[in-house]
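# Descriptive structure summary
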Amino acid sequence: MQGRLALITGATSGIGEATALRLAEEGCDLVLTGRRSGRLSALKARLDAMFAGKVGVDALAFDVADRAAVGAALERLGPRAERIDILVNNAGLALGTEVAQSGDPEDWDRVIDTNVKGLMYVTRALLPAMIRRNRGDIINLGSVAGRWSYRGGAVYCASKAAVRAITEGLRLDLVGTPLRVTNIAPGMVETEFSDVRYRGDAQKAKDVYAGMTPLSARDIADTIAWCLSRPPHVNVQELIVFPTDQPAVGHVHRRS
Ligand code: NDP
Ligand code: 8X3
């Protein structure tokens, strides 16, 4: 992976941040993205210090759900955008656990706009150059929720089912090119995901992982690096990764 250029959406925390670190260890140059510019600058400074002279790091703050902002951000990157040959479509969120009959349509809009439309806006912006250069990998962060729906998660689950469908569709759209597309579908990963879902209620977020061992962001970053490091004729199309303590969606083994 030495010398490849990876753009990671949602690099300001969790899986995206761990993937940035993991791909830097592999020698990839990076374009870090997310909305929180302070966190992007801090991560860039950290990686610059850790990998001085070995990897180049750019930081671009934008909202993936804002189509104009996506285009403008990539324009700011200039000719470097043409070099991007790994796209990690990781930015995403769930909001609340209300059942549909009491859910907030504003939340549904944000989840679909980010997880589905945002993923496609970034993909659409980068694909033509990848096809021109005849090289590229797209890693999409789906979820086990995209395969097995659960109560109070209808819209989030639908958004991740869409990510899986998009992955399959892209594979067909790109047939005949060497480009690869992968859907990574994790179970429970301890990140800021639950803080966001429970709107900053730290106790509720902590309780999600009580008494069990969740996956770490690093576990998923390692999985992404493994998929990317397969030989060019191997496309890992979908990979489901559960914590050992989570045998199925909605089932968790807790020790206390
Ligand atoms: P985090 O909340 O820790 O990270 C989410 C990242 O997405 C942040 O960097 C956030 O950055 C970014 N993001 C959210 N909305 C936007 C937006 N509109 N524009 C740009 N960036 C955005 O959660 P995770 O690391 O856990 O989540 C990463 C992905 O993994 C998500 O797609 C999630 O659905 C998926 N996933 C997570 C699982 C889990 O259990 N944690 C399990 C399965 C899948 P910022 O706020 O700075 O914009
Ligand atoms: C996140 C995992 O099980 O909370 O996609 O939906 S779950």
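This write-up is about the structure you can find in this document.

Conventions adopted
- Residues numbered from 1 in each chain as written.
- Chains lettered and ligands numbered in written order.
- Predicted model: local features only at pLDDT ≥ 70, side-chain atom pairs only at ≥ 80, totals over all residues.
- Heavy atoms only, no water.
- Phe/Tyr/Trp six-rings, centres within 6.5 Å; stacked < 30°, edge-to-face > 60°.
- Helix = DSSP H or I, 4+ residues; strand = E, 2+ residues; numbered from the N terminus.
- Buried < 20%, exposed > 50% of the residue type's maximum accessible area, 1.4 Å probe, protein only.
- Near = heavy atom within 4 Å.
- Polar contact = N/O pair within 3.5 Å; in protein donor to acceptor, adjacent residues only side chain to side chain.
- Areas by Shrake-Rupley, 256 points an atom, 1.4 Å probe, with all protein chains shown as cover.
- Nonpolar A, V, L, I, M, F, W, Y, C, P; charged D, E, K, R; others polar.
- Contact = heavy atoms within 4.5 Å.
- Pairing = 2+ DSSP bridges.
- Axes fitted to C-alpha atoms, helices over the stretch in contact; angles between N-to-C directions.
- Expected span 1.5 Å × (residues − 1).
- Arc of directions from axis to C-beta.
- Right-handed = clockwise from strand over helix to strand, strands pointing away.

## Describing the packing of aromatic side chains
- Tallied over the entire structure, the rule returns two aromatic pairs.
- With 6.0 Å between their ring centres and 35 degrees between their planes, Trp 148 and Phe 242 make a pair best called tilted. With Trp 148 in the loop between β5 (137–141) and α5 (154–173) and Phe 242 in the segment after β9 (238–241), the pair connects residues that are 94 residues apart, well separated along the chain.
- Residue classification places Phe 242 among the partly exposed residues on the basis of a relative accessible area of 24%.

## A short note on the site of ligand 1
- Around ligand 1, the surrounding shell holds 29 residues, and the nearest of these are Thr 12, Ser 13, Arg 35, Tyr 156 and Thr 191.
- A distance of 2.8 Å is found between an oxygen atom of ligand 1 and a backbone nitrogen or oxygen belonging to Ile 15.
- Separating an oxygen atom of ligand 1 from a side-chain N or O atom of Arg 36 is a distance of 2.9 Å.
- Taken by itself ligand 1 offers 880 Å² of open surface, and the protein chains cover 96% of this.
- Contributions of two or more residues to the shell around ligand 1 are made by α1 (14–25), α5 and α6 (193–197).
- Per-class residue counts for the shell around ligand 1 are 12 nonpolar, 12 polar and five charged.

## Concerning the environment of Ala 91
- On the secondary structure map, Ala 91 appears in the loop between β4 (84–89) and α4 (105–133).
- Non-local contacts of Ala 91, meaning those with residues more than four positions away in its chain, are made with Thr 9, Gly 10, Val 64, Thr 114 and Asn 115.

## Some details on the site of ligand 2
- Taken together, Ser 143, Ala 145, Tyr 150, Tyr 156, Phe 193 and Arg 197 are the residues near ligand 2.
- Between an oxygen atom of ligand 2 and a side-chain N or O atom of Ser 143, the distance comes to 2.6 Å.
- Tyr 150 is positioned such that a nitrogen or oxygen atom in its side chain is 2.6 Å from an oxygen atom of ligand 2.
- Taking 240 Å² as the accessible area of ligand 2 by itself, protein coverage stands at 82%.
- Residue composition of the shell around ligand 2, grouped by class: four nonpolar, one polar and one charged.

## Looking at the sheet that holds strand β6 (residues 180–186)
- Pairing is parallel across the open sheet formed by seven strands, whose spatial order is β3-β2-β1-β4-β5-β6-β9. Of all strands in the sheet, those with a lone pairing partner are β3 (57–61) and β9, marking the two edges. The sheet shows a mean angle of 15 degrees between the axes of neighbouring strands, taken without regard to direction.
- In terms of strand pairing, strand β1 (residues 5–8) meets β4 through four bridges, oriented parallel. When the sheet's bridge partners are listed, Leu 5 is paired in β4 with Ile 84.
- Set on the sheet, helix α2 (residues 37–50) makes contact with β2 (29–34) and β3; between it and β3 the angle comes to about 175 degrees.
- Sitting on the sheet, helix α8 (residues 217–228) touches β4, β5, β6 and β9, and the angle it makes with β6 is about 155 degrees.

## Comments concerning α2
- The end-to-end C-alpha distance of α2 is 20 Å, a good match for the 20 Å that 14 residues give at a rise of 1.5 Å each.
- Of the residues making up α2, those classed as buried are Leu 40, Leu 43 and Leu 47. Down the axis of α2, the buried set is contained in an arc of 70 degrees. They therefore lie on one face. Exposed side of α2, more than 90 degrees from the buried face: Gly 38 and Ala 49 are the residues found there.
- Where the residues of α2 are buried, they touch α1, β2 and β3.

## As for unusual backbone geometry
- Residues other than glycine seldom take positive phi values, yet Asn 134 does so here, at roughly 65 degrees.
- By the element assignment, Asn 134 lies in the loop between α4 and β5.
- With a relative accessible area of 49%, Asn 134 lands in the partly exposed category.

## Notes on the pairing of β3
- Bridging between β2 and β3 involves five bridges; their strand directions are parallel. Bridging from a neighbouring strand, Leu 32 pairs with Ala 59 of β3.
- With respect to chirality, the unit in which β2 leads through α2 into the neighbouring parallel β3 is right-handed.

As far as function goes, none of this settles anything; it's purely spatial.
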